[in-house]
Amino acid sequence: MLRVSLVKQYFYSLLFSTAFVHLTNVPLMAQTGSVTEPVRYIGGNTIDPSVHEGRLRYAIGTENIQVLRANREHPELADGFGWTYNHAPNLAYWEHTFFLQYLSNPKDEHVAPGHTMLVTSENGRQWEKPKVVFPAYEAPEGVAIPEGYNGYMMHQRMGFYVAPNDRLLVLGFYGHTDHPFGKGGIGRVVREVKKDGSFGQIYFLRYSSFTNFNENNTSYPFFKKSKDEGFVEACEALLADRLITLQWLDEDYGMDDFYGEGRVPDSVEAFSYYHRPDGKVVGLWKFSHTALSSDEGQTFSAPVKTKTLLMAGGKVWGQRTDDDRYALVYNPIEMQEYRFPLAIVTGNDGAVFDNLLLVQGEVPQRRFFGRWKDFGSCYTRGIVEGNGNPPGDDMWLTYSMNKEDIWVSRVPLSVKYMVEGDVADNFEDMKVDGQIKDWNSYAPQWASAKIVAEAKSNKALELTDADPYDYARAIRVFEEGKNVKLSFKVKPQQDDKGTLQVEVTDQFGNRPVRVYFLPDGRLVAYDGSKEIELGKYKKETWYKLELEIDAYLYGSYSLILDGKVVLENAALHEAVKSVERISFRTGDYRSFPTRKTPNQKVSEPLEGADDKVEEAIFLVDDVEVRAN
């Protein structure tokens, strides 16, 4: 009888897995994939909060690219305004072009003035200068700011809609500082991005349902006044798309019954979604909330907090990927002000996810203080279903760094973290300025990592650095091994500035082998914790370095420089059982900010933050690894 009873419970849990709000009081088993637990992470590993990378393995081949580097003193090098709060980016791909929009304020979150910027790229690597797509709001004459508010701002959870008639709409939400939600809202605006890159007129698409705003007391006309029938048709299609408009819930909960019955609660924020193989929609929100819909978002089950997904108020992004699998991207820690690292989990069915891996583990210093500017990769978004699909088998993501700079990441599919077999990278089969295949890279605007034509018959990996507070980095994952032989070539283009720190690491990011080209022209390595000087290096000269690492038995390594043994049986700097990555970095290893660094302690901008330093360049070539 007991067995029959359990079978019945299982059957009923499946039967009612699409139950909605009015059925959620029925007692059900916690069946993964049902309304009681739409999503589960089964990997078991969590992050180590003491290090930026969280001691995670890498999602191999991920490319991290800075789109905007905020600059207060030299606005012409950034956005033309010198504003240093930049946040909440959204991404689309249309007409062979990436479109990225983001919020921007002078210094602080939720403090006027605020506008929305739009920036484009043909390849996701080189980005144009941002343009204002929605300017700071100016109310019509005679319309006063309500008591308790202080100016106007923009706030939006979504940014783009590619309509069925192939019109690209860009959207934003105007409200009052410093609380644009509910009674503080004015309304949602829309304009078209034309195929020639120009913008159409700004219209209000929907007025706040909490207030009495309309055409008579706002600065832009209602969209139905447009004489462009195609534009109006695109707007009406958007208004009818429940899954798209659910992204608006944060700003306006729909007091006019816009969302109808079965709506999700007001308490959930930053909606993201994807379709499972069975057609059901999985809804995702901040603070680990998930729910299911069987009618394209018209109704959702009651959102439940998924205990296996650790996250705070940073957004979670979910999508079905081009390899017919699923991915969730989020900050896997329940600390609101410290949003690092940025990680990914993947799965086959949209319900069960595994392998917590690193997408972005770099946290540069925040150069400019501002209100509520959290540390790390914030508010990740990808490309919403229907808003385009860039060429190639990649997932594209965007986020702000420290709510200051704007970044994108390209994650190759299928997502993997292990390599089998030897590595032999001479870069000859890679395109100049193109993808660095199988390498993870981190490339700020003033510190690049890219493929270059070093000579007529040779390509190489080039790392440059002119950033006073950041660096370029390139990492090659290889087959994990206890005994590993590595070789590579390095060509410093100078011998009086800049650094290249070469480190071999294990899967947790421990750095047992360290060989450094220092700014004063010295080449050094470490025997345990002792720095060993290997001599002076010369600019524009290739050096071949070979490493023989015994990580398991003796905990030692040997270094051969241009065929000569210069360090034999040196002790590892840290004890490890194996190694699996080689890292090339143009700056010092960093652990600041930490989880205890004050987030809201008022401080002056970092000295020289807006000026480049003299550029240093290092070339890397012929990277070979054999593990056993």
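Rules used in this analysis
- Residues numbered from 1 in each chain as written.
- Predicted model: local features only at pLDDT ≥ 70, side-chain atom pairs only at ≥ 80, totals over all residues.
- Heavy atoms only, no water.
- Helix = DSSP H or I, 4+ residues; strand = E, 2+ residues; numbered from the N terminus.
- Buried < 20%, exposed > 50% of the residue type's maximum accessible area, 1.4 Å probe, protein only.
- Contact = heavy atoms within 4.5 Å.
- Pairing = 2+ DSSP bridges.

Brief notes about the overall build of the protein
In terms of helices and strands, the protein carries three helices and 38 strands. Seen through its principal axes, the protein has C-alpha atoms that stretch 80 × 75 × 45 Å. Counting every position in the protein, which comprises 628 residues, the buried fraction comes to 59%. Long-range pairs, those at least 24 residues apart, make up 62% of the contacts in the protein with a sequence separation of at least 6.

Details of unusual backbone geometry
Keep in mind that most residues, glycine aside, have a negative phi and that most peptide bonds are trans. Between Ala112 and the following residue, Pro113, the backbone shows a cis peptide bond with an omega angle of -5°. You can see Pro113 is positioned in the loop between β4 (97-105) and β5 (115-121). Located in the positive-phi region is Asp622, a residue other than glycine, with phi close to 50°. Within the secondary structure, Asp622 sits in strand β38 (residues 616-627). Exposure remark for Asp622: the relative accessible area of 27% places this residue in the partly exposed category.

Quick word on the sheet that holds strand β37 (residues 579-585)
Two orientations exist for strands paired in a sheet by backbone hydrogen bonds: parallel and antiparallel. Ordered in space as β18-β21-β22-β23-β2-β25-β28-β37-β30-β31-β32-β33, the twelve strands form an open sheet in which the pairing is mixed. The open sheet has two free edges, formed respectively by β18 (338-339) and β33 (530-536), since each of these has just one partner strand. As defined by bridge partners, strand β2 (residues 63-68) adjoins strand β23 (residues 405-412) across five bridges and the pair is classed as antiparallel. Within the sheet, the bridge partner assigned to Glu63 lies in β23 and is Arg410.

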